[in-house]
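Each chain, written out:
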Amino acid sequence: MIPFAAGARSRLLPVSVPMRYFAAAVAFQVLAWAMLLAASEPLSAFRAGLGPVFAALHAVTLGVLAVAAVGASLQMLPVATRQPVRSIAAAKLAWWLLVPGLLLFTGGAAGYRPQLMAAGAAAAFIALAIYGWLLFENLRGARGMPAIRAYGWAALACLALALALGVALVAHYEFGIALDRSAFAAAHLVLASYGFLGLLALGFSSFLLPMFALAPAPSERGAAIALIACVCAIALALAAIALGRDDLLAFAAAAGFGAALFHVIMIERSLRARLRPPLGSAFLLVRVAWLCLLASLALGAALALGVATERAQVLFGVLLVPGWLLTFLLAVLQRIVPFLASVHAGGAGRSPARVSTMTPQRTLDAHRVLHLCALAALVVGVASASDWLTRLGAAIGLAAAIAYGVFFVAVMLRLRGAQRGGSPDVLQPTH
Amino acid sequence: MFFNRHTSLRLHEEHLATVQLWSRLEQVIVTRVPEAELLDTLRRCAAALDDEIERHFHFEERELFPRLAEAGEGDIAELLAEEHETIRTAAQALRELLRLGQPDAAAMQQMRALGLELAERLVAHVQKEEMALLPALEDLLDEETDRELSLAYAAS
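About the criteria used
- Sequence order as written defines residue numbering, which begins from 1 separately in each chain.
- In the order they appear in the text, chains get letters beginning with A and ligands get numbers beginning with 1.
- pLDDT decides what is reported in this predicted model: residues at 70 or higher carry local features, side-chain atom pairs at 80 or more are listed and counted, and totals for whole chains, interfaces and linings draw on all residues regardless.
- Hydrogens are left out, water is left out, and the side-chain values use all remaining heavy atoms of the structure.
- Two joining distances apply to patches: 9 Å for like charges and 5 Å for nonpolar side chains (Val, Leu, Ile, Met, Phe, Trp, Tyr), and every residue must have over 30% relative accessible area and no salt bridge.
- Note on areas: these come from Shrake-Rupley sampling with a 1.4 Å probe, and a residue is covered only by the protein chains present in the view.
- One speaks of a salt bridge when a side-chain nitrogen belonging to Lys or Arg is within 4 Å of a carboxyl oxygen belonging to Asp or Glu.
- Counted charges follow a simple rule, with Lys and Arg positive, Asp and Glu negative, and His plus the chain ends left uncounted.
- Think of each charge as sitting on NZ of Lys, CZ of Arg, CG of Asp or CD of Glu.
- Secondary structure elements follow DSSP: runs of H or I no shorter than four residues count as helices, runs of E no shorter than two count as strands, and numbering proceeds from the N terminus.
- Think of it in three bands: with a 1.4 Å probe and only protein chains considered, a residue is buried below 20% of the maximum accessible area for its type, exposed above 50%, and partly exposed in between.
- By definition, residues are in contact when any of their heavy atoms lie within 4.5 Å.
- Fitting axes to the seven residues ending at a residue and to the seven starting there, one defines the bend at that residue as the angle between these axes.
- Axes here refer to lines fitted to C-alpha atoms; in helices the fit is confined to the stretch in contact. Angles between the N-to-C directions go from 0 to 180 degrees.
- Angles below 35 degrees are treated as roughly parallel, those above 145 as roughly antiparallel, those between 65 and 115 as roughly perpendicular, and all remaining angles as oblique.
- Throughout this entry, Asp, Glu, Lys and Arg are counted as charged residues, while Ala, Val, Leu, Ile, Met, Phe, Trp, Tyr, Cys and Pro are counted as nonpolar. The remaining residues, Gly among them, count as polar.

Visitor: Explain a negative patch on the surface to me, please; I cannot follow it from the model alone.
Guide: A contiguous patch of negative charge on the surface is contributed by D142, E143, E144 and E148 of chain B. Here E144 of chain B lies in helix 4 (residues 143-155).

Put into C-alpha cells, the structure is as follows:
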C-alpha cells in the first residue's frame with residue numbers, strides 16, 4: 001500500500017458525516033408515512049393548517065428531503081466543485097440542531113402545539129443557516145463544472161428565501177402576526193420544493209446520473225439553459241403569487257414544465273450514449289419521479305387556471321412531494337449509500353469492497369415495488385376521494401419506508417463487518 | 001465531464017475503452033455463450049488488463065497519486081492505490097486460471113466469477129477516477145507539466 005493519507009484534508013468526508021444525515025432521512029420517512037396512516041383526517045380532504053397530515057408533509061419535505069439533501073450535497077458537492085467541506089464540525093453541529101429541531105417541529109405540528117413548532121423551527125433554521133454557510137463557502141471557492149455551481153447558487157438563494165418565508169409562517173401560527181398566509185405558503189412551497197430541493201436534484205442529476213450509468217455528461221450549455229429556464233419559471237411564479245395573478249402563475253407552471261421536459265430529454269439523451277447496457281433498477285424510480293415532476297407542473301397550471309377541482313390541490317402535493325422529490329431521492333440514495341460504504345470499507349490493509357457486496361438487492365427490489373404501489377394508491381385514492389385507498393397507500397408506503405430502513409441498516413452492518421476485517425473480498429483460484 | 005489537460009484526456013479515453021471491454025465480458029458471461037467464446041473474451045480482457053496494469057496503473061502511482069496527496073487528497077490517492085492492488089491480485093488469479101490448458105467445469109465457474117468481479121471492480125475504479133482524480137488533475141497540472149507527463153505516458 002502507498003501511504004498517501006498523512007495530513008490529508010480531503011474532499012472525502014468521514015463516513016459518519018453523510019451517513020448520519022441519510023440515517024435520519026430514512027427514519028423520518030418511516031415517521032412521515034406512520035403519521036399519514038394514523039391521521040384521522042382523510043388525505044383528500046386536507047387543505048391547510050396544523051395536524052398530522054401537515055406534520056407528515058413536513059416530516060417528508062424537511063425530515064427526509066432537506067436532511068438527505070444536506071447530507072448528499074456535503075459529500076457530493078465537493079466532488080463536483082473540487083473544494084473540501086469548510087468545517088466538518090459545523091456539518092456535525094448542523095445535524096445535531098436539525099434532527100432534534102425537526103422532531104420538535106413535526107411533533108408540535110401533529111399535536112397542534114405551535115409553541116413547540118416554533119422552538120423546533122428555530123433549531124432547524126439555525127442548522128440550515130449553518131448548512132447555507134457551508135454551501136456558500138464551498139461554491140465561493142469552487143472550480144470546474146460551472147453549470148453545477150450555478151445550480152448550487154440558485155438552490156442556495158431559494159433556500160434562504162424559503163427559510164425566511166417559513167419563519168414568517170411559523171411566527172404567524174404562534175404569535176398571530178398578520179400576513180397573507182396562503183400567498184406566503186404558496187411562495188414557500190415553490191421556493192422549497194421546486195427551488196431549493198428541485199434545483200439541487202436537477203443540478204446533481206446532470207453530474208450523478210450519467211456517472212451512475214457510465215454515460216457522457218450533458219453539455220454545460222444544455223445544463224445552463226435548463227437552469228435559466230427553471231429560475232425564470234420560479235421567479236415568474238413568485239411574481240404571480242405576489243401580484244395575485246393566476247394567469248401568470250399558470251404561465252410560470254407551463255414554463256417550469258418546459259424547463260423540466262428539456263432537462264429530462266437532455267439526461268435521457270446522455271443515458272442513451274451510456275457504455276454499459278444495464279441501467280439498474282434505480283433508474284425506474286428516477287423515470288417515475290420525472291413523470292411525477294412533469295405531471296405536478298401540468299396540474300399546477302390547471303389549478304392556477306381554475307380548470308381543476310379543489311381536490312386536485314392534494315393530488316398536486318402527492319405528485320410533487322412523494323411522487324417527484326421523494327421517489328427521486330430514494331433512487332439516488334440507493335446508489336450513493338452502498339457506493340460510499342464500499343469506499344469506506346477498504347483501507348488499513350483490507351481490500352476495497354465491491355458495491356454489489358454492500359447492496360442488499362432483494363430488499364431494494366421489495367422497496368421499489370412497495371413504494372410504487374403506495375404512490376399509485378395515493379394518486380388514485382386522492383383523485384377519486386377514496387379514503388380507504390389513500391389509507392392503503394399510506395400503509396404500503398410505511399412498509400416501503402421500513403424496507404428502505406432495512407436496506408440502510410443492512411448496508412451499515414456490512415460496512416461495519418468489512419471495517420472489522422471481514423474475509424478478503426477477492427476470489428482466489430482453488431486450482 | 002470535460003477535460004482540458006492532455007493527461008486527463010488520455011486517461012479518460014483509456015477508461016472508456018476499459019469500460020467497453022469489460023462490459024462486453026459481463027454480457028458474454030451473463031448470456032452464457034459457448035465456452036470457447038468465453039475463453040477467447042477472457043484472454044483478450046486479461047491481456048488488456050496486463051497492459052493497463054503495466055502502463056496505466058504504474059503511471060498513476062508514480063506520477064499522479066503523489067501529486068494528489070501533496071494537494072491534500074491523500075486519502076483518495078490511497079483508496080485508488082488500494083484498488084490497484086486488489087485488481088492486480090484478481091488479475092493474477094485470472095491469469096493462473098487461464099494458464100490451465102483444458103479448464104474443467106469448476107475452473108470455468110471460477111473464471112466467470114472472477115471475470116464478473118474484475119468487471120465490477122474496474123468499472124467502479126474508473127468511476128472513482130473520473131469523479132475524483134481526473135478533475136483534480138485539471139487544477140494540479142500546469143500546461144508544461146501536463147505536456148511533459150502526456151509525452152512521457154505516450155512513450156511508455
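Visitor: Honestly, the pattern of salt bridges in this entry has me stumped. Any pointers?
Guide: For side chains bearing opposite charge, pairing can occur when the charged atoms are close. On inspection of all chains with the given rule, the structure shows 18 salt bridges over all chains. E63 of chain B is the partner of R62 of chain B in a salt bridge, and the nearest nitrogen-oxygen pair spans 3.6 Å. The salt bridge partner of K128 of chain B is E83 of chain B, with a shortest N-O separation of 2.5 Å. Of this pair, K128 of chain B sits in helix 3 (residues 105-140) while E83 of chain B is found in helix 2 (residues 35-99), placing the two residues 45 residues apart along the sequence. By the burial criterion, K128 of chain B is buried, and E83 of chain B matches it. Three or more residues joined by partner-sharing salt bridges are found here, namely R86, E137 and R140 of chain A.

Visitor: Sorry if this is basic, but what is going on with the environment of V33 of chain B here?
Guide: Residue and element names in this part refer to chain B. Mapped onto the fold, V33 is located in the loop between helix 1 (6-30) and helix 2. Through-space distance from the C-alpha of V33 to that of P66 is 43 Å; in sequence the pair is 33 residues apart. Once residues within four sequence positions are removed from consideration, V33 is found in contact with V28 and L38.

Visitor: What's the story with helix 6 (residues 181-213) of chain A in this structure? I'm lost.
Guide: Residues and elements named next belong to chain A. In the structure, helix 6 departs most strongly from a straight axis at S205, where the bend amounts to approximately 45°. By the criterion of burial, helix 6 is predominantly enclosed, with 25 of the 33 residues buried. Two residues or fewer after helix 6 comes L214, characterised by a positive phi angle close to 50°.

Visitor: Looking at this model, I keep getting lost on the packing of helix 1 (residues 16-38) of chain A against helix 3 (residues 88-110) of chain A. Mind explaining?
Guide: When two helices pack together, their arrangement is given by the angle between their axes and by how far apart the axes lie. All names here are of chain A. Viewed as axis vectors pointing N to C, helix 1 and helix 3 meet at an angle of 5°, and their least axial separation amounts to 10 Å. Taken together, the axes of helix 1 and helix 3 lie roughly parallel to each other. In this structure, helix 1 uses V17, R20, Y21, A24, F28, L31 and M35 to contact helix 3, whose residues at the interface are I88, A91, K92, A94, W95, W96, L98, V99, L102, L103, T106 and A110. Among the residues making up the contact of helix 1 with helix 3, the classes are represented as 16 nonpolar, one polar and two charged.

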